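Architecture and fold: a report
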Amino acid sequence: MSVDDVLLLGRIAFVAALYAFIVILALLLRRELRVRSLVQGERAPADLLVMEPGESGLEPGERLPLLSLTSIGRDGENDIVLDDTFISSTHASLSWNGKGWVLKDTGSTNGTKLNGKQVRRPVAVKPRDVLEFGQVRLQLVQL
């Protein structure tokens, strides 16, 4: 093998490594931009529609706007405050992952229900599903 052959192989390896670097960089940038678009506090593409307000002081038919990460509970620090005695201070969270919704009970005393079933671990939520927090029933509606 001559010196010219070795140099040619080196150049080919360098170009291949450069292309691999560019592809990996593009994939990482795409992932970063997707995550960046889901920043907490950003408006998400759905609302919660009040079906049964319980003792929360809300009105049936009222729409509660959702953020990409929405905390739900009795405490005033939550994004959605439900002032009902059956609701924990930090009751649950509802998050938009760019493709769908995920409901998570955050250790509430009286539990969280999705379509009448107790939520024990994070679960996917679809439009028109009914969420129950204490005596409050809400429905997820698309914008």
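Above this text sits the structure in question.
About the criteria used
Residues numbered from 1 in each chain as written. Predicted model: local features only at pLDDT ≥ 70, side-chain atom pairs only at ≥ 80, totals over all residues. Heavy atoms only, no water. Patch = residues over 30% accessible without salt bridge, like charges linked within 9 Å, V, L, I, M, F, W, Y side chains within 5 Å. Areas by Shrake-Rupley, 256 points an atom, 1.4 Å probe, with all protein chains shown as cover. Salt bridge = Lys/Arg side-chain N within 4 Å of Asp/Glu carboxyl O. Helix = DSSP H or I, 4+ residues; strand = E, 2+ residues; numbered from the N terminus. Buried < 20%, exposed > 50% of the residue type's maximum accessible area, 1.4 Å probe, protein only. Lys, Arg positive; Asp, Glu negative; His and termini not counted. Polar contact = N/O pair within 3.5 Å; in protein donor to acceptor, adjacent residues only side chain to side chain. Contact = heavy atoms within 4.5 Å. Pairing = 2+ DSSP bridges.

1. Concerning a nonpolar patch on the surface
On the surface, a nonpolar cluster with roughly 830 Å² of combined accessible area is contributed by Phe14, Val15, Leu18, Tyr19, Phe21, Ile22, Leu25 and Leu29. Summarising the element assignment, leucine 29 is placed in helix 1 (residues 3-36).

2. A few points about the side chain of aspartate 129
Here aspartate 129 shows up in the loop between strand 9 (123-125) and strand 10 (130-133). Despite its burial, aspartate 129 pairs with no opposite charge, the nearest such side chain being lysine 126 at 4.1 Å. At 3.1 Å, the side chain of aspartate 129 forms a polar contact with the side chain of asparagine 115. Apart from the residues within four sequence positions on either side, aspartate 129 is in contact with Leu114, Asn115, Ala124, Leu138, Gln139 and Leu140.

3. A word on the sheet that holds strand 8 (residues 117-118)
The strands making up a sheet associate through backbone hydrogen bonding, with each pair oriented either parallel or antiparallel. One open sheet accounts for six strands, arranged 2-1-11-10-7-8; its pairing is antiparallel. Two strands close off the open sheet at either side, each with one partner strand: strand 2 (63-67) and strand 8. Bridge analysis of strand 1 (residues 43-52) against strand 2 gives four bridges, and the strand direction is antiparallel. Bridge pairing in strand 2 places aspartate 47 opposite proline 65.

4. Observations regarding the pattern of salt bridges
Inspection of every chain in the model, using the stated rule, returns three salt bridges. For aspartate 47, the salt bridge goes to arginine 43, with nearest N and O atoms at 2.6 Å. We classify aspartate 47 as buried; its relative accessible area is 6%. Residue classification places arginine 43 among the partly exposed residues on the basis of a relative accessible area of 40%. With a shortest N-O distance of 3.1 Å, glutamate 52 and arginine 137 are connected by a salt bridge. Note that glutamate 52 is positioned in strand 1 and arginine 137 in strand 11 (residues 136-142), a separation of 85 residues in sequence.

5. Concerning the pairing of strand 3 (residues 69-73)
Here four bridges tie strand 3 to strand 5 (residues 92-96), and the two strands are oriented antiparallel to one another. The residue bridging threonine 70 from the neighbouring strand is leucine 94, located in strand 5. Here two bridges tie strand 3 to strand 4 (residues 80-81), and the two strands are oriented parallel to one another. Paired with glycine 73 across the two strands is valine 81, which belongs to strand 4.

6. Observations regarding the pairing of strand 10
Burial of strand 10 is two-sided: the residues Val130 and Glu132 facing one way and the residues Leu131 and Phe133 facing the other way are all buried. Relative to strand 10, strand 7 (residues 112-114) is paired through three bridges, and the arrangement is antiparallel. Bridge pairing in strand 10 links leucine 114 to leucine 131. Pairing between strand 10 and strand 11: four bridges, direction antiparallel. Among the inter-strand pairings, valine 130 is bridged to a residue of strand 11, identified as glutamine 139. Between the antiparallel neighbours strand 10 and strand 11 lie two residues, among them glycine 134 with a positive phi of about 60 degrees.

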